[in-house]
Every structure is written in structure tokens, then in C-alpha cells.
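Spelled out from the first residue to the last, the chains are:
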Amino acid sequence: MANGITARRWKSLLEHVRREQADLWQPWFEGLQVGELNNGQLCVHANDAENAYYLEASCRRSFAEAAQAVLGRLVSVQFVGPPGQEATGPLPAPTIAAQPPGSAFAIDEPVTFNPAYTFENFITGPGNRLAHAAAIAVADTPGVSYNPLFVHGSVGLGKTHLLQAICQGLLAKRQDCRICYLSCDSFINHFIASVEQGQVHNFRYRYRHVDVLVIDDVHFLGERERTQDEFFHTFNTLYQAQKQIVLSSDCSP
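Computed from a prediction, not measured in an experiment: that's the story for all the values here. (Residues numbered from 1 in each chain as written. Predicted model: local features only at pLDDT ≥ 70, side-chain atom pairs only at ≥ 80, totals over all residues. Heavy atoms only, no water.)

Colleague: How should I be thinking about the environment of Glu 15 in this particular structure?
Modeller: Mapped onto the elements of the fold, Glu 15 is located in helix α1 (residues 7–20). For the pair Glu 15 and Trp 25, spaced 10 residues apart in sequence, the C-alpha to C-alpha distance is 9.9 Å. (Helix = DSSP H or I, 4+ residues; strand = E, 2+ residues; numbered from the N terminus.)

Colleague: What should I look at first to understand unusual backbone geometry in this one?
Modeller: Phi is mostly negative for residues that are not glycine, and the peptide bonds are mostly trans. With an omega dihedral of 0°, the bond running from Asn 147 to Pro 148 counts as a cis peptide bond. Position of Pro 148 among the secondary structure elements: in the loop between α4 (129–140) and β4 (149–152). Phi is positive for Asp 217, close to 60°, though the residue is something other than glycine. By the element assignment, Asp 217 lies in the loop between β6 (212–216) and α8 (225–240). Among the residues examined, Asp 217 registers a relative accessible area of 15% and is labelled buried. Even without glycine at this site, Gln 242 takes up a positive phi of about 60°. Along the chain, Gln 242 falls in the loop between α8 and β7 (244–249). (Buried < 20%, exposed > 50% of the residue type's maximum accessible area, 1.4 Å probe, protein only.)

Colleague: Is there a simple way to explain the state of the cysteines in this structure?
Modeller: In protein structure, a disulfide is the covalent linkage between the sulfur atoms of two cysteines. Enumeration over the complete set of coordinates arrives at zero disulfides. In this model Cys 177 remains outside any disulfide bridge; the closest cysteine sulfur is found in Cys 167, 8.4 Å from its own. (Disulfide = S-S within 2.5 Å.)

Colleague: Help me understand the nonpolar core in this model?
Modeller: In summary, soluble globular proteins display a tendency toward joint burial of nonpolar side chains. One finds Leu 42 and Phe 63 to be the most contacted residues of the largest nonpolar core, which totals 25 residues. For this core, the secondary-structure elements that each account for two or more residues are α1, β2 (41–45), α2 (49–58), α3 (60–71) and β3 (76–80). For this core, the element with the highest residue contribution is α3, accounting for five residues. Residue contacts for Phe 63: discarding those within four places in its chain leaves Trp 10, Leu 13, Leu 14, Val 17, Phe 29, Leu 32, Leu 55, Val 77 and Phe 79. (Core = buried A, V, L, I, M, F, W, Y, C linked by side-chain atoms within 4.5 Å. Contact = heavy atoms within 4.5 Å.)

Colleague: When you look at helix α7 (residues 200–208) in this model, what are you seeing that I'm missing?
Modeller: Residues spaced three or four apart along an α-helix face the same direction, because each turn holds 3.6 residues. For α7, every residue scored as buried is listed here: Val 200, Phe 203 and Tyr 207. Burial along α7 is one-sided: seen end-on, the buried residues are contained in an arc of 55°. Residues of α7 that are exposed and angled more than 90 degrees away from the buried face: His 201 and Tyr 205. (Arc of directions from axis to C-beta.)

Colleague: Would you mind showing me how to read the sheet that holds β7 here?
Modeller: Two pairing modes exist for strands in a sheet, parallel and antiparallel, and in both the strands are linked by backbone hydrogen bonds. The strand order across the open sheet formed by four strands is β4-β7-β6-β5, and the pairing between neighbours is parallel. Looking at strand neighbours, the two that pair on one side only are β4 and β5 (179–183), the edges of this open sheet. For this sheet, the mean angle separating the axes of adjacent strands, direction not counted, is 10°. Where β4 and β7 come together, four bridges link them in parallel fashion. Each bridged residue has a counterpart across the sheet, and for His 152 the counterpart in β7 is Ser 249. Most of the contacts of helix α6 (residues 184–196) go to β5, to which it runs at about 100°, and overall it touches β5 and β6. Across the sheet, α8 touches β6 and β7, and the angle it forms with β7 is around 140°. (Pairing = 2+ DSSP bridges. Axes fitted to C-alpha atoms, helices over the stretch in contact; angles between N-to-C directions.)

Colleague: Explanation requested: the pattern of salt bridges in the structure shown.
Modeller: In this structure the tally under the stated criterion is 12 salt bridges. Where Arg 18 meets Glu 15, a salt bridge forms, and the shortest distance between an N and an O atom there is 3.7 Å. Residue Arg 18 and its partner Glu 15 are both found in helix α1; the two are separated by three residues, about one turn of the helix. Arg 18 gets classed as partly exposed once you look at its relative accessible area, which sits at 32%. You can call Glu 15 partly exposed: its relative accessible area is 32%. A salt bridge links Arg 174 to Asp 211; its shortest N-O distance comes to 3.2 Å. With Arg 174 in the loop between α5 (159–173) and β5 and Asp 211 in the loop between α7 and β6, the pair connects residues that are 37 residues apart, well separated along the chain. Residue Asp 211 is classed as buried on the basis of its relative accessible area of 9%. Several salt bridges share partner residues, and in doing so they unite Arg 174, Asp 176, Arg 178, Asp 211 and Lys 243 into one network. (Salt bridge = Lys/Arg side-chain N within 4 Å of Asp/Glu carboxyl O.)

See below:
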């Protein structure tokens, strides 16, 4: 037990992530260690800095939602290295041997992909063959075959896997490809911060001067009217320039 987080609750938290975010779940999550809960922030230890970086970049929201569901109150989550090896500043971007050459275009933060999320590792079936084929076509001919590509389906069916497979496939073919990959939540937060700081022009420049824009869980724009307007203009700018747009959603269009 660490400041109110019992082993049973930690197990429940992991089960919540496994159940609600099946496409995100990795077997090595079982080896994560729960740390302290201080001032509403739960510390979680990974077995090395690389895994901690991946979790910080891709899993914070999912684990925070699970923590809030299990504990019944507002909680944020921070991922760090093994106990005694916490970083004093931002975690450095890791080098992933299995990741294709090249890197994603970053918006104020480094971007990393799960090396397991490739087309080769995606299991196809009657319900996802079209989405899989369309994703491969986008990776082969971005901005031509399916633009925009909108992938929708229930939680745990592999939407994030396909989006990251597209990005990694593109980078394997073209190392200088400028890819902006992020969650809709991050897009919203970036826009709000740019408005508060009077840097909307910088926001627009960064999002509208990419080769590929990939946004996961775009349905979160549903009640964000001002952000919807900004996204609409960004979408049009990229579409008219024949740049590839890829979106995923839990809901149909």
C-alpha cells in the first residue's frame, strides 16, 4: 500500500485499462509498480526510462481515467523510471530499435510510436479488412487514395494500432515526411494554450505546415465549438494542399 493505493486497487486499475483500452494494453504493463499518491497525482514506476517515456507520451489519459474510476475522485498520473531513478526533468526521447528511420513532426513535445503497432502485427477479420486496406493505401500513397481517412469503431478494435502503423509505414518510405500525430485531447489543449498565450499564429503554422496530420479520438471535439472552427480551417488548408489527413473516432461520422 502506498498512500492509500492498495494492491487490490492497483490490480483493479490495471484491469480497467486492459478492459477499456484493449488496443493500448501491453503485457509488460503488468510489471508496472504503483508509487505514491500525493496532491492528486499518482506516481507509476516503469522498469526503464524508455517504457516510462512511452507511457508518458501515449497512456497518461487512459491510466488517469482508470485511476479516477477505481478511486472515485480526480487523479492525474505521472510515469517515471524504476524507484530511485526518477528523472529530475522531462524524460528524454528514447531510441526504439524496431522503429523505422525518421521521426514524427513534434508539436511542443516529442512523439514516439509503439514499435508493435505495425501492419504486419495487425490481425484482420471480416469487420476490419476495409480499414486495414485503406490504411495501407494511405501509407503507400498519402494524399491520394483515401483523403481524409476516417476510422471509427468501438474501443479496443485497433484504431490506434492502424493510425500508428500508417505513421511508421510512411516514415519507413520517406524519412523526411513531416507527420503530426497526437490525440484530440492534446490538440484541444495546444489550441487553448495558444489562445491564452497569444500565439494562435504559431499554432496555425505548426499544424498547417505538415505532410500528414493524424488525430486520434477526434470525437472529443464534439462540444468544443471554437476548437472545431480552428480544426475546420486547418482541415481545409491541408486538404486543399493535398496533404494527408487521418482521423479516428469511437463514433460514426
